[in-house]
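# Coordinates in review
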Amino acid sequence: MRHVRSVLAVLTVLALLAGVGLAQKTLTIARPTDPVSLDPHFETTAPGSWVFSQILEPLITVNQDMEIEGRLATDWEFIDDTRLRFTLRQGVTFSDGTPFDAEAVKYTWDRAWDEERPGRWKSLAGPVEGVEIVDDYTVDLVAAQPYGPLLLTATMPYTGIVSPTAAEELGDDFGRQPVGTGPFTFVEWRANDRITLEANDDYWGGRPNLDRVVFRTIPEEGARMLSLRAGEVDMVLMPTPSDLPALESDPNFVVEGAPGVGVFYLAFNLDRDAVADVRVRQAVAHAIDRELIVEAILEGGGVLATSVIGEPVFGYKDMELLERYPYDPERARELLEEAGYARGSDGFMVDENGDRLVLELLPSNGRSLKDREIAETLQEFLRQAGIDVEMDIFEWATTFELMRGATLDYDLNSFTWFTTTADADYTMYSNYVSTELPPASWNRWRYANDDVDEWLKAARASLDMDEREELYHRVQDQLAHDLPAIPLYGSYEVAALRANVEGFVAHPIQYLLDLHPVDIVD
Amino acid sequence: MFSYLIRRILIAVPLLLGVVFIVIASFDLVPGDPAALILGEFATESAVAELRAELGLDRPLLVRYADTVVNLLQGDLGRSLTERRPVAVILGETFPLTAQLAGAAIALVLLVGIPLGLIAAMRPGSWIDNVIRVVSLAGLSMPVFWTGLVFMVIFSVNLGITPVSGTGTWRHLILPSVTLALPSIAVIARMTRSTVLEVLREDFIRTARAKGISERSVLVKHMLRNAMIPIVTVLGLQLGQMLGGAVLTETVFAWPGVGRLTVFAIFNRDYPLMQGVVMVLAMVYVGVNLLVDLSYGLFDPRVRYA
């Protein structure tokens, strides 16, 4: 009898263990590419951030409603206009047992400011000089001059605090097995195949609902969507837009999306005579049916852009482009006539020598959703308004190198710009201040307007958010008239999920993926 | 035979060095700066210049080549610029996966392609010959990414008997290896058919039959051995191609092999990684060709290695 009992006891334990095994909640996520590293020191793209931001946490973050929330900091305030003071969360330890304190924060920022090997995200942090320790649980983030975007800079996921012990010990290998304080810890990385994370039982914010997260690399679009349908993955990041309507109407799946901070635009190079005249640029704007591009080509993968920065970005203002420049090829021709062109016999506009108006286009290719298809469509739109377009399509590495060159031998180019910090300064300053020229910076349109320069410099230096917002609105009004670039579509951050995945909310910032509240229910 | 082997292996050394030079030089000609690509769209010019110096990209071509050769002779393949890991480690992870896939595919080619060709050749013009010819033409004409997706829909989504993609179990190997083998099966089947038909018309077959040797013996000993030489040559080329990484199949089935590594290395301008991949590719071709040459002796005793 006693034997029977002990056998029963063993069986019960085994059954319980099996039960636990079965109840393991694993969320499998498919996305197109593997990161190159899981160390923000070397990797600042979305595929990297999706993973390392589960492991490494910054002091503060922006939530899906674009509000600032504390992570490793519980409180923050400006103590003067170059100094932002953070009160750190106490009692937090890294998953390797190292205690989290002011030293760890300083170590992380110092690491990126290393003279020999600066972190990839250093250039995104503007005039920040680094972190100063006030006491064990208080640090100051210090800028060289008054810097309005300082608070949003501290929300960048790249600033996730690393375990100093692990970073010292592992060196370059830290990027293959990062150690932080986040809701998940690193388990395994099989290159180009899968990255596995597991729940951090001791997470200060409470253990996550999921036991494991597996990031799978599935490069082929069709295969990614089929994996979701076959139940092999639970979530697809960057799903195929044309598949979304079918998924939305299927009760087994859910589509979660949010308008993003990226804007895809057609940009002019104002150094080139052909597009130096604002009337020509305005004619181009009238020649393009932007709504049709969004509907017919993007199929829900993007939203109509209303400004050179995305709607969730601080400082955004609707530039009212549809009202100012409605699709009207005839109006485009009239503007070109005002600019000195005449209607040629073959339908194309000609200059005073009888030469056809030809614009050269260097389109983004293989970097943004449907960029090549959009380029071909733009070419056709412009031709219908009498503007001939010649374009050079290269693979991305070549296109990118040409675009960031000191001179750009094209009248037009297309590109997506993400306002990574969600603060207008990030995009406006580097793109529109007249001295921020390539290759050092990003004013690729060679735009120069003294008023805009002054407004953008004032907005950067001010800590008064209302004043800053007003200045950015003025800049956008000016850009709507000058049109150095025509915003075409705004990014739409979307994920397709199985219906039993709960608690996921898409984030406007592409590289932020909040998996802590996510759960799988039966 | 032994000295022949040694000689063939030694010849491979200058070949590999030449290959490395071509790789390094061709990267110099291709536009696209690896430092700018690694740093991403928002990097400053000075950061890019610093990284170029750190990676040694600011030094002249010949200096870089000499360095690479010295390192290679010491067995050091260098570190990947993007992944910051030793190239040898990365290749050690990816090559076995490609070898698995290629091995399974070539086994299918042998087990299916050659018998199909034989059956077709035995009854030329019959209905079965016609069926095999049409099917193999279809196998050749269907693009891999299309067959791959069709297989996924049928076997993974609808029937649920194989995983859609990825690696892990033997089940994961089924769809990609069949997809990869299909065009090769078609090539080998057609090749076998035509070679066998040709050999069957030879005088020595008629002589063998006239001597009264059993048909089975005629086919196996006289016909098949002679027909094998061209078949093995083509088979070797196919295997070399598969081992070099089946880019499309690996991409469709999310198979993290050499093919995808090659594409990754090219798009990221990762010179050391590209060198490593090309070296492996060159060695695979040298090795496979050597095996093919050695196998000739097996099928045709007149072949001598001196």
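Residues numbered from 1 in each chain as written. Chains lettered and ligands numbered in written order. Predicted model: local features only at pLDDT ≥ 70, side-chain atom pairs only at ≥ 80, totals over all residues. Heavy atoms only, no water.

## Some words on the interface of chain B and chain A
On the chain A side, the residues contacting the 41 residues of chain B number 44 residues. Between chain B and chain A the total buried area reaches about 3,600 Å² when both faces are included, carbon and sulfur atoms providing 55% of it. Across the contact surface, chain B and chain A share two salt bridges. For A:Arg176, the salt bridge identified is with B:Glu83, shortest N-O distance 3.4 Å. Every element with two or more residues in the side of chain B that touches chain A is listed here: helix H2 (34-39), helix H3 (45-55), helix H7 (144-158), helix H11 (247-252) and helix H12 (258-267) of chain B. (Contact = heavy atoms within 4.5 Å. Buried area = accessible area lost by both parts, 1.4 Å probe. Salt bridge = Lys/Arg side-chain N within 4 Å of Asp/Glu carboxyl O. Helix = DSSP H or I, 4+ residues; strand = E, 2+ residues; numbered from the N terminus.)

## A word on the packing of H12(B) against helix H13 (residues 271-299) of chain B
Residues and elements named next belong to chain B. As a packed pair, H12 and H13 sit with axes 8 Å apart at the nearest point and diverge in direction by 145 degrees. In the packing of H12 onto H13, the handedness of the crossing is left-handed. Residue-level contacts link Val258, Leu261, Thr262, Phe264, Ala265 and Ile266 of H12 to Leu273, Met274 and Val277 of H13. Tallied by class, residues from the contact of H12 with H13 come to eight nonpolar, one polar and no charged. (Axes fitted to C-alpha atoms, helices over the stretch in contact; angles between N-to-C directions. Left-handed = near helix turned anticlockwise from the far one by under 90°. Nonpolar A, V, L, I, M, F, W, Y, C, P; charged D, E, K, R; others polar.)

## A few points about the domain arrangement of chain B
Residues and elements named next belong to chain B. Considered domain by domain, chain B is made up of domain 1 (2-73) and domain 2 (91-304). The gap between the C-alpha centroids of domain 1 and domain 2 is 33 Å. Across the boundary between the two partners, domain 1 contributes 20 residues, which contact 15 residues of domain 2. Of the roughly 1,600 Å² buried where domain 1 meets domain 2, counting both sides, 78% is carbon and sulfur surface. Summed over the three residues of domain 1 that lose the most area to domain 2, namely Arg8, Leu16 and Phe27, the buried surface amounts to 36% of that side. Run the count over domain 1 and domain 2 and you get one salt bridge. The tally of links from domain 1 across to domain 2 stands at one residue pair in polar contact (both at pLDDT 80 or more). Breaking the side of domain 1 that touches domain 2 down by element, the ones donating at least two residues are helix H1 (2-29), H2 and helix H4 (61-73). If you tally residues by element for the side of domain 1 that touches domain 2, the top one is H1, at twelve residues. Along the lines of polarity and charge, the residues of the side of domain 1 that touches domain 2 split into 17 nonpolar, two polar and one charged. (Domains from an automatic or database assignment. Polar contact = N/O pair within 3.5 Å; in protein donor to acceptor, adjacent residues only side chain to side chain.)

## Quick look at the pairing of strand S7 (residues 138-143) of chain A
All names here are of chain A. Of all six residues that make up S7, six are buried, and the element is covered over most of its length. As paired strands, strand S5 (residues 83-88) and S7 are joined by five bridges and run antiparallel to one another. Note on S7: the bridge partner recorded for Arg85 is Asp140. As defined by bridge partners, strand S6 (residues 128-135) adjoins S7 across six bridges and the pair is classed as antiparallel. The residue of S7 that forms the bridge with Asp135 is Thr138. Taking the residues between adjacent antiparallel strands as the criterion, S6 and S7 are bridged by two residues. (Buried < 20%, exposed > 50% of the residue type's maximum accessible area, 1.4 Å probe, protein only. Pairing = 2+ DSSP bridges.)

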